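Below, each chain spelled out in residue letters.
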Amino acid sequence: MATRGKLVWRWVGLLFGLALAAWAMVLASRQIDLAVFTVANLSTLAAMAALVLGSLLLTAGLFWVITLSFDTTPRVSLLRMTQLIGASALINYLPLGWPGPVARSAYLKVRHAMPVRQSVLVLLIVMALSAALTLLVVGVAALGSRVMQVMFAGVGLVLLSALSGPLAQRLLRRRFHAAWTWAPLKAADMLLSAARLSLAFALLGHPVTLPQALVFAALDTLVSMAAITPSGLGLSEWAIGLASQVMGAAASPVGAAAKLVERSVNVAVVIVVGLLSIRALPRR
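Reading guide: rules and limits
- Residues numbered from 1 in each chain as written.
- Predicted model: local features only at pLDDT ≥ 70, side-chain atom pairs only at ≥ 80, totals over all residues.
- Heavy atoms only, no water.
- Helix = DSSP H or I, 4+ residues; strand = E, 2+ residues; numbered from the N terminus.
- Buried < 20%, exposed > 50% of the residue type's maximum accessible area, 1.4 Å probe, protein only.
- Contact = heavy atoms within 4.5 Å.
- Areas by Shrake-Rupley, 256 points an atom, 1.4 Å probe, with all protein chains shown as cover.
- Patch = residues over 30% accessible without salt bridge, like charges linked within 9 Å, V, L, I, M, F, W, Y side chains within 5 Å.
- Salt bridge = Lys/Arg side-chain N within 4 Å of Asp/Glu carboxyl O.
- Phe/Tyr/Trp six-rings, centres within 6.5 Å; stacked < 30°, edge-to-face > 60°.
- Expected span 1.5 Å × (residues − 1).
- Bend = angle between axes of the 7 residues up to and from the residue.
- Core = buried A, V, L, I, M, F, W, Y, C linked by side-chain atoms within 4.5 Å.
- Axes fitted to C-alpha atoms, helices over the stretch in contact; angles between N-to-C directions.
- Left-handed = near helix turned anticlockwise from the far one by under 90°.
- Nonpolar A, V, L, I, M, F, W, Y, C, P; charged D, E, K, R; others polar.

Draft legend 1. Here's a closer look at the overall build of the protein chain. The helix and strand tally for the protein chain stands at 10 helices and zero strands. Helices (α) and strands (β) of the protein chain occur, in sequence order from the N terminus, as α-α-α-α-α-α-α-α-α-α. Here the protein chain holds 284 residues, and 47% of them are scored as buried. At a minimum sequence separation of 6, the contacts of the protein chain that also span at least 24 residues come to 71%. Surface summary for the protein chain: the accessible area is close to 14300 Å², and the carbon and sulfur share equals 72%.

Printed below as a string of structure tokens:
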């Protein structure tokens, strides 16, 4: 009965997300010119697609390097983790409770004897990194001087890289290898997400600054991880629209429209990569 109730709520979340996305699309229809998807902007859309691929690879690298310090037999290869991340990115759009992480954990349990509890810990580490980097990004955006922004970002990233391993080791009582790479990998992923959103805003004729785009990317990451709706569908559009209005970057419908453009490219890439990844994963 409890499982059935959760499934109902996930379907409610999917329908709610679709409704929010549709509402955002109606409001954004005055801001989106369908010409953004024509040949004239093909190079920009291709660049956004390449950035999506880059994000998937960086995410796979992050999960892989963290997983190396946990108990797996045989050891998970980078290629296998890349396939798992590609598959889970697609599965995340299903109306189930955290379908991507659940499917990935189940696969690692069956094929690599990795305890589910450890898969959960890997996910928690990634979520903690995302939260810490979001705070750093907000702090950077709050500074007025570009020099101060660069210095604050650099110092913050170095400190986070240096402290990630010791903090994780102290809390989880486990030795971690190459933990200093976690923060740079996640920061690079967030930077690529910011670049995609920046290109989307530019396509709509409303360019934004890099600090603003980073705030939007960080917010998008947090909303997606919350999984209230599948992959933050609808909620991310409204969150970025509200943030763009508050930060004075663009009107709220423009922010929502920019996220819709970015999501359309993201979904197209995720469908292709996800299906190829699912097909490549051994199912025996």
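After that view of the structure, there is still more to cover.
Draft legend 2. Main features of a nonpolar patch on the surface. A cluster of nonpolar side chains, namely V155, L159, L163 and L167, defines an oily patch on the protein surface of about 380 Å² accessible area. Residue L159 is classed as partly exposed on the basis of its relative accessible area of 48%.

Draft legend 3. Structural context of the pattern of salt bridges. Overall, the coordinates contain six salt bridges when judged by the stated rule. A salt bridge links K186 to D189; its shortest N-O distance comes to 3.3 Å. With K186 and D189 both in helix α7 (residues 182-203) and three residues apart, this pair spans about one turn of that helix. The same class applies to K186 and to D189, which are both buried.

Draft legend 4. Focus on the packing of aromatic side chains. For the coordinates displayed, the defined rule picks out three aromatic pairs. Relative to F176, the ring of F70 has its centre 5.7 Å away and its plane inclined at 70°; by these criteria the two rings are edge-to-face. With F70 in the loop between α2 (42-67) and α3 (78-91) and F176 in the loop between α6 (146-172) and α7, this pair connects stretches of sequence that are 106 residues apart. The same class applies to F70 as to F176, namely buried. Note on F176 and W182: the rings are 5.3 Å apart at their centroids and 85° apart in plane angle, and the pair reads as edge-to-face.

Draft legend 5. Seen up close, α6. End to end, α6 covers 38 Å across 27 residues, agreeing with the expected 39 Å (1.5 Å per residue, within 8%). The axis of α6 is deflected most strongly, by about 35°, at L163, and proline P166 appears within four residues downstream. When we look at burial in α6, the residues that qualify are Q149, G156, L160, S161, S164, G165 and A168. Those residues of α6 that are buried are in contact with α5 (116-142), α7 and α8 (210-226). Where α6 terminates, the next one or two residues include R173, which has phi positive at roughly 55°.

Draft legend 6. Seen up close, unusual backbone geometry. Cis geometry marks the peptide bond from T73 to P74; its omega dihedral reads -5°. With respect to the helices, strands and loops of the structure, P74 is situated in the loop between α2 and α3. Of note in the backbone geometry, R173 takes a positive phi value of approximately 55° without being a glycine. Of note, the phi angle at A178 is positive, near 55°, even though the residue is not glycine. Counting through the fold element by element, A178 comes out in the loop between α6 and α7. Since its relative accessible area comes to 34%, A178 is described here as partly exposed.

Draft legend 7. Geometry of the nonpolar core. I66, F70, W182, F201 and F216 are the most contacted members of the largest nonpolar core, which totals 63 residues. With 10 residues, the top contributor of residues to this core is α5. Once residues lying within four places of it in the same chain are set aside, the contact partners of F70 are M114, Q118, L121, V122, I125, R174 and F176.

Draft legend 8. Geometry of the environment of L68. With respect to the helices, strands and loops of the structure, L68 is situated in the loop between α2 and α3. Take L68: its relative accessible area is 22%, and that puts it in the partly exposed class. The spatial distance from the C-alpha of L68 to the C-alpha of H177 is 7.4 Å, given a sequence separation of 109 residues. Setting aside anything within four residues of it in sequence, one finds L68 in contact with R75 and V76.

Draft legend 9. The arrangement of the packing of α3 against helix α4 (residues 99-112) in detail. Packing of α3 against α4 brings their axes to within 8 Å, and their N-to-C directions diverge by 145°. For the pair α3 and α4, the sense of crossing is right-handed. For the pair formed by α3 and α4, the contact residues are R80, M81, L84, I85, S88 and I91 on the first element and P99, G100, A103, R104, Y107, L108 and H112 on the second. Here the residues of the contact of α3 with α4 sort into eight nonpolar, three polar and two charged.

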